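Listed below are the residues making up each chain.
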Amino acid sequence: MAEYTIVTDSSCDLPDQLAAELELKVVPLSLTMEGKQYLNTTDERGIAHKELYARLRAGAMAKTSAANAADFVSVMEPELAAGRDVLYIGFSSALSATCSVGANVGQELMEKYPGRKVYTVDSLCASLGQGLFVYLLAQKKREGMEIETLRDYAEDLKLHICHWFTVEDLQFLRRGGRVSAAAALIGSILSIKPVMHVDNEGRLIPVSKVRGRKASLRAIADKVKETMLDRPDQTLFISHGDSEEDAKLVAEMIKERTGLSLQVLNYVGPVIGSHSGPGTIAVFFIGSER
């Protein structure tokens, strides 16, 4: 059985220590803020989460960029040169060009290293949803699953990785074109909070609107109860935009409704957080449907 490495990109928002434990290779995305470019890395060496959200609250705006080909080459090529194949799990193609860049680099490297394999799976996931997906795949790799079998397993699993989230300030979604200027203004005045998810095409889609922060958190917890599958590998990940207390509150709500305990809590990373803004709360689990 050929050895292989799972490669993903930093939009997975996994804690650095966990990414290391899972033996993942992570390609960084980046953002530009106030004229300076920062890498989005799991270890925060590009920009610390606290600093990012403080600057966003102060009015700074960020422009985000896909991972570039050179970074993919620097991560993938050493694996192939060492005789290991690569399974690349990419950020949703509906949200970023990153997955396409990684897939193209993989094709080019296979020509350079005949006999080596690079498979790409478009996760159709984002943030810790992508992180949860990669985490579950890494468990199967540890159990000895071969690369082709894991690739096929990933394709079967990905539309069961559920993403439900809400935001504190609609103006960040307005900047990204997710809501209209009028809806953002009215929502801010009336304290309307959107309940959103990532759909089967990997897009961020508003599903409903509720009045007030606590109501939005309850709505998310209710969605977990409605669609959560009862399976041995059921896992709850939560990411937040510098709003840890609310993240823990929604975790308690979910546990009360389902008995499912929080396994990983982390920040929404710089690239995704620049679009969703401070106060974002997102939950991820395995469900019957997205």
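You'll find the structure just up there.
Treat the numbers as computed from the prediction; the structure is a model and nothing was measured. (Residues numbered from 1 in each chain as written. Predicted model: local features only at pLDDT ≥ 70, side-chain atom pairs only at ≥ 80, totals over all residues. Heavy atoms only, no water.)

Caption draft 1: View of helix H2 (residues 49–57). Every buried residue of H2 is accounted for by His-49, Leu-52, Tyr-53, Arg-55 and Leu-56. Seen end-on, H2 carries its buried residues on one side only, within an arc spanning 160 degrees. (Buried < 20%, exposed > 50% of the residue type's maximum accessible area, 1.4 Å probe, protein only. Helix = DSSP H or I, 4+ residues; strand = E, 2+ residues; numbered from the N terminus. Arc of directions from axis to C-beta.)

Caption draft 2: Structural context of the sheet that holds strand S6 (residues 85–90). With parallel pairing, four strands are arranged side by side in an open sheet as S2-S1-S6-S7. The sheet terminates laterally at strand S2 (25–27) and strand S7 (118–122), the two strands that pair on one side only. Direction aside, neighbouring strands of the sheet carry axes that sit 25 degrees apart on average. When S6 meets S7, the two strands line up parallel, connected through five bridges. (Pairing = 2+ DSSP bridges. Axes fitted to C-alpha atoms, helices over the stretch in contact; angles between N-to-C directions.)

Caption draft 3: Representation of the sheet that holds strand S4 (residues 36–40) within the structure. Strand order in the open sheet made by the three strands is S4-S3-S5, with antiparallel pairing throughout. Pairing within the sheet leaves two strands with one partner each, and these edge strands are S4 and strand S5 (62–65). When strand polarity is set aside, the average angle formed by the axes of neighbouring strands in this sheet is 25 degrees.

Caption draft 4: Structural context of the packing of aromatic side chains. Considering all chains together, one arrives at three aromatic pairs under this definition. With a centroid separation of 5.1 Å and 75 degrees between ring planes, the pair formed by Phe-72 and Tyr-88 is classed as edge-to-face. Here Phe-72 is found in helix H3 (residues 69–81), whereas its partner Tyr-88 is found in strand S6, with 16 residues between them in sequence. Among the residues examined, Phe-72 registers a relative accessible area of 0% and is labelled buried. The buried category is assigned to Tyr-88, whose relative accessible area is 0%. The side chain of Lys-141 reaches across the aromatic face of Tyr-4, ending 5.1 Å from its centre. (Phe/Tyr/Trp six-rings, centres within 6.5 Å; stacked < 30°, edge-to-face > 60°. Lys NZ or Arg CZ within 6 Å of the ring centre and 35° of its normal.)

Caption draft 5: Highlighting the environment of Gly-269. As for its position among the elements, Gly-269 is in the loop between strand S12 (262–267) and helix H11 (270–276). Once the C-alpha coordinates of Gly-269 and Ile-205 are considered, the two residues, 64 residues apart in sequence, prove to be 20 Å apart.

Caption draft 6: Spotlight on the packing of helix H5 (residues 127–142) against helix H6 (residues 147–157). In the contact formed by H5 and H6, the axes pass within 11 Å of each other and the chain directions differ by 145 degrees. The handedness of the crossing between H5 and H6 comes out as right-handed. Of the residues in H6, those in contact with Phe-133, Leu-136, Leu-137, Lys-140 and Lys-141 of H5 are Leu-150, Tyr-153, Ala-154 and Leu-157. Broken down by class, the residue content of the contact of H5 with H6 amounts to seven nonpolar, no polar and two charged. (Left-handed = near helix turned anticlockwise from the far one by under 90°. Contact = heavy atoms within 4.5 Å. Nonpolar A, V, L, I, M, F, W, Y, C, P; charged D, E, K, R; others polar.)

Caption draft 7: Representation of the pattern of salt bridges. In total, this model carries 21 salt bridges according to the counting rule given. Ionic pairing is found between Arg-203 and Glu-201, a salt bridge with its closest N-O pair at 3.5 Å. Here Asp-233 makes a salt bridge to Arg-231, at a shortest N to O gap of 2.5 Å. Because the salt bridges share partners, they merge into one network encompassing Glu-168, Lys-193, Arg-213 and Asp-246. (Salt bridge = Lys/Arg side-chain N within 4 Å of Asp/Glu carboxyl O.)

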